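Chain by chain, the residues run as shown.
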Amino acid sequence: MCVYTHTHRGENLCGWFYFPFTLSSTVPRQRPWESGAQCGEGQNASTAVMNGGGAHYHSEEESKQDGGGDTDGGEDSNEQEVIVIQDTGFTVKIQAPGTEPFDLQVSPQEMVQEIHQVLMDREDTCHRTCFSLQLDGNVLDNFAELKSIEGLQEGSLLKVVEEPYTVREARIHVRHIRDLLKSLDPSDAYNGVDCNSLSFLSVFTDGDLGDSGKRKKKGSDLEQIDCTPPEHILPGSKERPLVPLQPQNKDWKPMQCLKVLTMSGWNPPPGNRKMHGDLMYLYMVTVEERHISITASTRGFYLNQSTTYTFNPKPANPSFLSHSLVELLSQISPAFKKNFTVLQKTRVQRHPFERIATPFQVYSWTAPQVDHTMDCVRAEDAYTSRLGYEEHIPGQTRDWNEELQTTRELARKNLPERLLRERAIFKVHSDFAAAATRGSMAVIDGNVMAINPGEETRMQMFIWNNIFFSLGFDVRDHYRELGGDAAAHAAPTNDLNGVRAYGAVDVEGLYTLGTVVVDYRGYRVTAQSIIPGILEREQEQSVIYGSIDFGKTVVSHGKYLELLERTSRPLKVQRHDVLNEKDEPVELCSSVECKGIIGNDGRHYILDLLRTFPPDLNFLPVEGEELSPESVRQGFPRQHRHRLACLRQELIEAFVEHRYLLFMKMAALQLMQQKANKESKMATLTVNSSPELTWYIHKTPLSFSPDLTNPTLTCLHQDPKSREVVLNACKAVGSISNTSFDIRFNPDIFSPGVRFPEDSVDDIQKQKQLLKDAAAFLVSCQIPSLRIGISELITRCAKHIFKTYLQGVELSALSAAVSHFLNCFLSSFPDAVAHLPADELVSRRKNRKRRNRVPGGGDNTAWASLTPSELWKNIVSEAQSYYNFTLHCENADQVVEKYGLQKITLLREISIKAGIQILIKEYNFDSRHKPAFTEEDILNIFPVVKHVNPKASDAFHFFQSGQAKVQQGYLKEGCELINEALNLFNNVYGAMHVEICACLRLLARLNYIMGDHHEALSNQQKAVLMSERVLGIEHPNTIQEYMHLALYCFANGQLSTALKLLYRARYLMLMVCGEDHPEMALLDSNIGLVLHGVMEYDLSLRFLENALAINSKYHGPRSLKVALSHHLVARVYESKAEFRSALQHEKEGYTIYKNQVGEAHEKTKESSEYLKYLTQQAVALQRTMNEIYKNGSNASIMPLKFTAPSMASVLEQLNIINGIIFIPLSQKDLENLKAEVQRRQQLQESGKSVEELTVDGPLELEDKIPMDVNVD
């Protein structure tokens, strides 16, 4: 397996290097370069860090818990720690055989191994793998830090010395050469292997933007820019071609160096040849059609005299003995020598982010038809155990549980320790996710034998590679009372969410299982690490905490209570008593399903965390219980197909925050009443957000902690009346404490079979009410803020049906079945008929009734009887029963007509959700004479993987601090903190991660705001490449990144590139969601402005008028966004000298500004001035026209001002619509502003009202300072 690694050089991307082996998995050997090194598989659907941090849901206390974040020292201590681990680098000389010595910048923290990887990536030394580095004749230890090597200093000469091969080293060498030969081949990315994924940015930028930054001149080259977009990108076009999704990259044209490179059939060497040093034999066919047999020996590679049918291992004459396979082949084949040199030059010219492996596998739902070529490494991977070099410990499988738990036990007292720990956790987890995915596919494909082969298929369990696999079916009616198979299907994802939550809290001494949930070919597989000793005893003997029968019998354990108590505050879980089978109270600090097992290793494990979060009562009808009026009004509670519906952690956090605000308002209102001496009109207290109350909260300084974990009104504990204020506020919001805000949930409320002691009736009632309030909050506050996605609902319903449909399909009919389903789902062809496999391939033996033994080996043909009308009836029925949504349609054409959806969008959604890969070509969905899809159009079925995503806590805290500084206006300090966050993210995750992408995006924006446009371009280019690689080429985030990059390109004078990027973004948005989307207005405004800048006025108007229409539809005709759109359209009409139209649009904008912000506002005044200017121009034009009509050719015409828009004015408008406004301020104004801010802070600290503050006179507007703001 290929892996990549990096050295600690901050943002120096050249520090990322390739090496074809992995290192020991034992914890003491965890090294800095291992982060993200070995690829994992499975794309995580959610992004954890967004620009603004709004989507990161683990709260601060989770990482502080038990040293997990160790942030008590604050920002400064973190910065000091970072400085400690950044020693000054130095330069050494490297002397490799056959090359001139070259200089290499290194860091004292780096390992010797990292210099190995540098050499294996360099163009002139990449063909070497088996060598040592020597200093003054002494061999350097690969795992030694450079600072520990005696005599190594600035200018030292390190010699590369060739070492003898072993079988392992020879295999590594062959694999490395194969990877070099395939380094430009995208087939691994299309096939979803080895963490390769697609990127197309370079197609639109003609390579690296940094090199092309000075190509364009701002003025003289405008005429040469081809601004015409393809027809399908223009507003109003109904054409949605699929082929442009993956444009042809010229670098991917096959550059053949060898025709065949494979293992010889004469392997392994016989005993007598082993004693001559033979390790293995290779068979090759050169481009010149020369068939050769090669021996890999301890001394290197040479030609032998064997042929296909004759074994003669003796060296040929000449033998061309070479230490490197590349050197040998360069002597034998001139074509190899020439093409390999060109190939490596092209490889090293590519941006490093195009070739670094991603931490988890990303799959593409489309791919071209690629030729299947011979590949010895791929073949070997498929048909061997891959032990020896892919797994870390030769001859053994990895003990996943031990690795996962040992990494969590690493020290975490200071920043370097935490970085090492988090890096190790992330590394092992990505390896585990990859292995679990591979194993899950093997289970469903029938390649793993069950540990209970005598049982029915759905009840079978498997162990492979020290991972336990189970299927998502209700085994032995375990979930019968909770919904049977539907509950068994939902339970693994609930359990995974629980594992994720407890893992984020990260309590020392409490362990969870490595867990991965894989959906593949219609089956759900749960893969878990194995608790030591669990397979040797009955479950009843093992469980010492919790219940194995949903609460009928319950046990508890002091140590577990102690450990779980430390998770209860961050997870909002209330400690509570339940009754056991003897009616005795048993204390728990989790749901009853949560089981505690002490493994043979002495660790305290918790598992079955499916009820970590409280139930969603909207989908859990309980006899005798009535929900709040808000829920009842919307038709809740509704019967769901299972009883495991629970509230998401994000919803719990939002609800608690909402309650915290109510708590503060309640306390403030009571304080106000006390200050008003209990006036009679204030006697009745209500919790609301009246204008008076809001004013009071904002104007009254209160001393309280903003930390939601323990917000206490400290100023209120001075007397009994004040304590009463806190007590009343606590009661009002449902706090479990009477002295501070502390909301927690009892996860066992409404669990069937769970009983509570009589003395806890009051608490239970409070908890029931809290759950009802949370359910009401969900439907009344959270859901209304979401857009209903009809396409999402339809494709989810189709996925549910497709899951069951696939389970009955045998492997040989898979492509036929999938294409038939897609035809029924999307094709207008009414009589879609399935193509069954050819008769001679269908088994007609009598064992058809024999019980099926393989999970993915269904052998019925019921799938072939599905019709389009039947499928759409099922989709309508599923939408009604699962989502309570009525779809008024009987086929795909009606869906398109009624809801304005696109078939290509539905195809993309169902393919991604179900793991289908289709051939990239143009599909005729609307033909009524033939189906859209054939068997040949279905290329693959991929797994859809869910797993925990370990976090880099310190890096994220730096990121948040940087964002806070930026929001306060301290751009330079914010930029430094974001840079530091980037270094730490790189340290933990490696170079590729979604959080690094967010970091780069924010850095680029800061660079741009601070005037460093070139650096902004560089960082945003990295962000785009990374988004394409880790999220997908048409992910919504990727589209946004393209838009930002286009802005920075325009600012750098690269107008043609900016347009190409914007056209690409528009194409992708059309593909993903169609033209009718609010974000399309921003994109079209950007395109229109750039076209205006290059004087393509008619084209510009098409895009700007479309943006105006979309803004009016989604934001209302009186919105400020609409006013800005009118202004942009008016500017283009002015440039066309169509002043009447310009006046009409600017008047609309002026009216909106006047009504929304008043006549005195700057925007209204600007619009008024522009209206006057347009009126003058219109009058001047009319006079001129009248003069021409009157006097003909003798007319004396005054010259009219027809000025092309300046690039500066266009850029200013681009900045405004993208949320960046530069406010003019002089240096004196800046100083006054800073002094004013400090004065306000001092006054607020002393308790004075903000109303008392005054500004010392007007500000003079001279220079400009930037602010990052939203327009509307």
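Residues numbered from 1 in each chain as written. Predicted model: local features only at pLDDT ≥ 70, side-chain atom pairs only at ≥ 80, totals over all residues. Heavy atoms only, no water.

By the naming in an unreviewed UniProt entry, the protein chain goes by Clustered mitochondria protein homolog and is assigned to Hucho hucho. What UniProt states about the protein chain under its Sequence similarities (unreviewed entry) heading is, verbatim, "Belongs to the CLU family." For the record of the protein chain, the UniProt heading Function (unreviewed entry) holds the text "mRNA-binding protein involved in proper cytoplasmic distribution of mitochondria. Specifically binds mRNAs of nuclear-encoded mitochondrial proteins in the cytoplasm and regulates transport or translation of these transcripts close to mitochondria, playing a role in mitochondrial biogenesis." (UniProt positions renumbered as here; feature names shortened; annotations may be inferred.)

Before going further, it helps to examine a nonpolar patch on the surface. Residues Met 1185, Ile 1188 and Tyr 1189 make up a contiguous nonpolar surface patch of about 300 Å² in total accessible area. Within the secondary structure, Ile 1188 is located in helix α38 (residues 1162–1191). (Patch = residues over 30% accessible without salt bridge, like charges linked within 9 Å, V, L, I, M, F, W, Y side chains within 5 Å. Areas by Shrake-Rupley, 256 points an atom, 1.4 Å probe, with all protein chains shown as cover. Salt bridge = Lys/Arg side-chain N within 4 Å of Asp/Glu carboxyl O. Helix = DSSP H or I, 4+ residues; strand = E, 2+ residues; numbered from the N terminus.)

A word on the sheet that holds strand β11 (residues 300–303). One open sheet accounts for 4 strands, arranged β8-β9-β10-β11; its pairing is antiparallel. Each edge of the open sheet is held by one strand with a lone partner, namely β8 (258–263) and β11. Strand-to-strand, the axes of this sheet are offset by a mean angle of 25 degrees, without reference to chain direction. Bridge count for strand β9 (residues 278–286) against strand β10 (residues 291–297) is 7 bridges, and the pairing is antiparallel. Paired with Val 285 across the bridge in β10 is His 291. Running at roughly 150 degrees to β10, helix α9 (residues 325–332) makes contact with β8, β9, β10 and β11 of the sheet. (Pairing = 2+ DSSP bridges. Axes fitted to C-alpha atoms, helices over the stretch in contact; angles between N-to-C directions. Contact = heavy atoms within 4.5 Å.)

Looking now at the packing of helix α36 (residues 1120–1135) against α38. Following both chains from N to C, one finds α36 and α38 inclined at 25 degrees, their axes separated by 12 Å at the closest point. One element, α36, and the other, α38, form an angle in the roughly parallel class. Between α36 and α38 lies a crossing whose hand is left-handed. Counted together, His 1127, Ala 1130, Arg 1131 and Glu 1134 of α36 and Tyr 1170, Tyr 1173 and Leu 1174 of α38 form the full contact between these two elements. In terms of residue class, the contact of α36 with α38 is made up of 4 nonpolar, 1 polar and 2 charged. (Parallel < 35°, antiparallel > 145°, perpendicular 65-115°, else oblique. Left-handed = near helix turned anticlockwise from the far one by under 90°. Nonpolar A, V, L, I, M, F, W, Y, C, P; charged D, E, K, R; others polar.)

Ranked by size, the top nonpolar core spans 194 residues in total, and within it Ile 794, Phe 825 and Ile 875 carry the most contacts. If one sorts the elements of this core by residue count, helix α33 (residues 1055–1073) sits on top with 13 residues. Filtering out sequence-adjacent residues up to four positions away, Ile 875 remains in contact with Ile 794, Cys 797, Ala 798, Ile 801, Phe 825 and Leu 887. Tyr 545, Leu 564, Phe 663 and Phe 741 belong to the second largest nonpolar core, which has 60 residues in total. (Core = buried A, V, L, I, M, F, W, Y, C linked by side-chain atoms within 4.5 Å. Buried < 20%, exposed > 50% of the residue type's maximum accessible area, 1.4 Å probe, protein only.)

Let us now look at the pattern of salt bridges. Applying the stated rule across the entire model yields 62 salt bridges. Close ionic contact of Arg 128 with Glu 327 constitutes a salt bridge, the shortest N to O distance being 3.1 Å. One end of the pair, Arg 128, is in the loop between α3 (112–121) and β5 (131–135); the other, Glu 327, is in helix α9, with 199 residues separating them in the sequence. Its relative accessible area of 8% is what places Arg 128 among the buried residues.

The next thing to look at is the packing of aromatic side chains. Under the defined criterion, the tally for this structure stands at 31 aromatic pairs. With 5.4 Å between their ring centres and 70 degrees between their planes, Tyr 660 and Phe 741 make a pair best called edge-to-face. In this pair, Tyr 660 is assigned in helix α19 (residues 649–675) and Phe 741 in the loop between α21 (720–733) and α22 (761–782), connecting sequence segments 81 residues apart. Of the two residues examined, Tyr 660 and Phe 741, each falls in the buried class. Between Phe 663 and Phe 741, the aromatic rings sit 5.4 Å apart at their centres with planes inclined by 50 degrees, giving tilted as the arrangement. Of the two residues, Phe 663 is situated in helix α19 and Phe 741 in the loop between α21 and α22; the sequence distance between them amounts to 78 residues. On the accessibility criterion, Phe 663 (1% relative accessible area) is buried. The rings of Phe 360, Phe 426, Phe 959, Phe 985 and Tyr 989 are connected pair by pair, giving a single aromatic cluster. Here Arg 638 stacks its cationic end above the ring of Phe 636, 4.0 Å away from the centre of that ring. The ring centre of Tyr 899 lies 5.7 Å from the NZ or CZ of Lys 898, which sits over that ring. (Phe/Tyr/Trp six-rings, centres within 6.5 Å; stacked < 30°, edge-to-face > 60°. Lys NZ or Arg CZ within 6 Å of the ring centre and 35° of its normal.)

The next point concerns unusual backbone geometry. Looking along the chain, the bond that leaves Asn 267 and enters Pro 268 is cis, with omega of -10 degrees. In this structure, the amide linkage connecting Asn 317 to the following residue, Pro 318, adopts the cis form with an omega of 0 degrees. In this fold, Pro 318 is placed in the loop between β11 and α9. Non-glycine residue Asp 136 carries a positive phi angle of around 55 degrees. You can see Asp 136 is positioned in the loop between β5 and β6 (138–139).

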